[in-house]
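# Per-entry structural report
For reference, the chains in residue letters:
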Amino acid sequence: MDELNSYFFNLLYLAKMVHDHPRLKKSWQNFDSLPLDEDAFYEFSVELATSVFQDTSVHYNEERGMETWVLSDPIIDRFCELCVRLETEKELAEEINPYRRNAEQMIRENFLLDSYSYDYGWRLSSSDRGRRCILFFSYDDFYGLSELPKAFLEILDGFQELNRQLETELGLNKIVPIYPFMNEWKEAA
């Protein structure tokens, strides 16, 4: 009997994560042809991690032995727009905006990986140049690649929740009745 290695269970875990998350399920319909070995596991982890955010680019710097992941998404853009709107309406400074602080805390909590040799950052401020994004830096001895898809999903889901909270505070998600004059209607004869 063949011995099952940990990659088999890790692949099952990642497949379950895809199955449970509608955003990923669209791009990963079939797992029939996926071999159960170490190479397939790492390849699947990278493909899954790059498919979480709408715009993901990975750049390798040979001099430093470092990969830079640039993670951008319209959900992050929307968060930044809502924050600017809140700060304008309530005359808040970016530094004291509780939603920005919650976003930063959420990013920190989800990047508590079991590996070492990585770093992260974000460009969410209106004073930052370029598109709003999250940055993840992994060095050559980083071994937590299998944790990245879940961390990325949690961060994206966190931004969606923060957007809902901001929209509520700004009064943007009010339910407007379709028929506002229900009491004035007459019953048909």
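Report follows, based on the coordinates.

## Considerations on the packing of aromatic side chains
- All chains considered together, the criterion is met by twelve aromatic pairs.
- With 5.0 Å between their ring centres and 35° between their planes, Phe-111 and Phe-136 make a pair best called tilted. Residue Phe-111 is located in the loop between helix 5 (98-110) and strand 3 (118-123), and its partner Phe-136 is located in strand 4 (residues 133-139); the two are separated by 25 residues in the primary sequence. Assigned by exposure class, Phe-111 and Phe-136 land together as buried.
- When the centroid spacing of 6.4 Å and the interplanar angle of 25° are considered together, the rings of Tyr-120 and Trp-122 count as stacked.
- A relative accessible area of 23% means that Tyr-120 is categorised as partly exposed.
- Among the aromatic side chains, those forming a connected cluster through ring pairs are Phe-53, Trp-69, Phe-111, Tyr-118, Tyr-120, Trp-122, Phe-136, Phe-142 and Phe-152.

## A closer look at the nonpolar core
- The biggest cluster of nonpolar side chains holds 42 residues, and the ones touching the most others in it are Phe-53, Phe-79, Ile-134, Leu-148, Phe-152 and Phe-159.
- Elements supplying a minimum of two residues to this core: helix 1 (6-20), helix 3 (38-50), strand 2 (66-72), helix 4 (74-90), helix 5, strand 4 and helix 6 (148-170).
- Tallying contributions element by element places helix 6 first for this core, with ten residues.
- The contact partners of Leu-148, leaving out residues within four places of it in the chain, are Ala-49, Trp-69, Leu-113, Phe-136 and Phe-142.

## Considerations on the pattern of salt bridges
- As enumerated under the stated definition, the model contains eleven salt bridges in all.
- In this structure, Lys-150 and Glu-154 form a salt bridge, with 3.8 Å as the shortest nitrogen-oxygen distance. In this pair, Lys-150 and Glu-154 are both assigned in helix 6, four residues apart and thus about one turn of the helix distant.
- Assessed through its relative accessible area of 36%, Lys-150 is described here as partly exposed.
- Judged by relative accessible area, Glu-154 falls into the partly exposed class, the value being 34%.

## Details of the packing of helix 1 against helix 6
- Where helix 1 contacts helix 6, the two axes come as close as 11 Å, and the packing angle between them is 25°. Of the possible angle classes, the one that applies to helix 1 and helix 6 is roughly parallel. Handedness of the helix 1/helix 6 crossing: left-handed. Judged by residue contacts, Tyr-13, Leu-14 and Met-17 of helix 1 engage Pro-149, Lys-150 and Leu-153 from helix 6.
- Here the contact of helix 1 with helix 6 is built from residues that sort into five nonpolar, no polar and one charged.

Conventions we followed
Residue numbers here run from 1 along each chain, matching the order of that chain's written sequence. This being a predicted model, a pLDDT of at least 70 is required before a residue's local features are given, and a value of 80 or more before pairs of side-chain atoms are given or counted; all residues contribute to the totals for chains, interfaces and linings. Side-chain metrics in this entry use all non-hydrogen atoms of the structure; hydrogen atoms and water are not considered. We call Phe, Tyr and Trp rings a pair once their centres come within 6.5 Å, taking the six-membered ring for Trp, and we label the pair stacked below 30 degrees between planes, edge-to-face above 60, and tilted otherwise. Strands here are runs of E lasting at least two residues and helices are runs of H or I lasting at least four, both read from the DSSP assignment and numbered beginning at the N terminus. Note on classification: 1.4 Å probe, protein chains only; a residue is buried when its accessible area is under 20% of the maximum for its type, exposed when over 50%, partly exposed between these limits. To define a nonpolar core, start from buried Ala, Val, Leu, Ile, Met, Phe, Trp, Tyr and Cys residues and group those joined through side-chain atoms within 4.5 Å. Any two residues whose heavy atoms approach within 4.5 Å are treated as being in contact. Here a salt bridge means any side-chain nitrogen of Lys or Arg lying within 4 Å of a carboxyl oxygen belonging to Asp or Glu. The angle between two axes is taken between their N-to-C directions and runs from 0 to 180 degrees, where each axis is a line fitted to C-alpha atoms and a helix contributes only its stretch in contact. Under this scheme an angle from 65 to 115 degrees is roughly perpendicular, one under 35 degrees roughly parallel, and one over 145 degrees roughly antiparallel; angles in between are oblique. For any helix crossing, the convention is left-handed if the near helix is rotated counterclockwise from the far helix by under a right angle, and right-handed if that rotation is clockwise. Under the grouping applied here, Gly and all other residues not named as nonpolar or charged are polar, the nonpolar ones being Ala, Val, Leu, Ile, Met, Phe, Trp, Tyr, Cys and Pro and the charged ones Asp, Glu, Lys and Arg.

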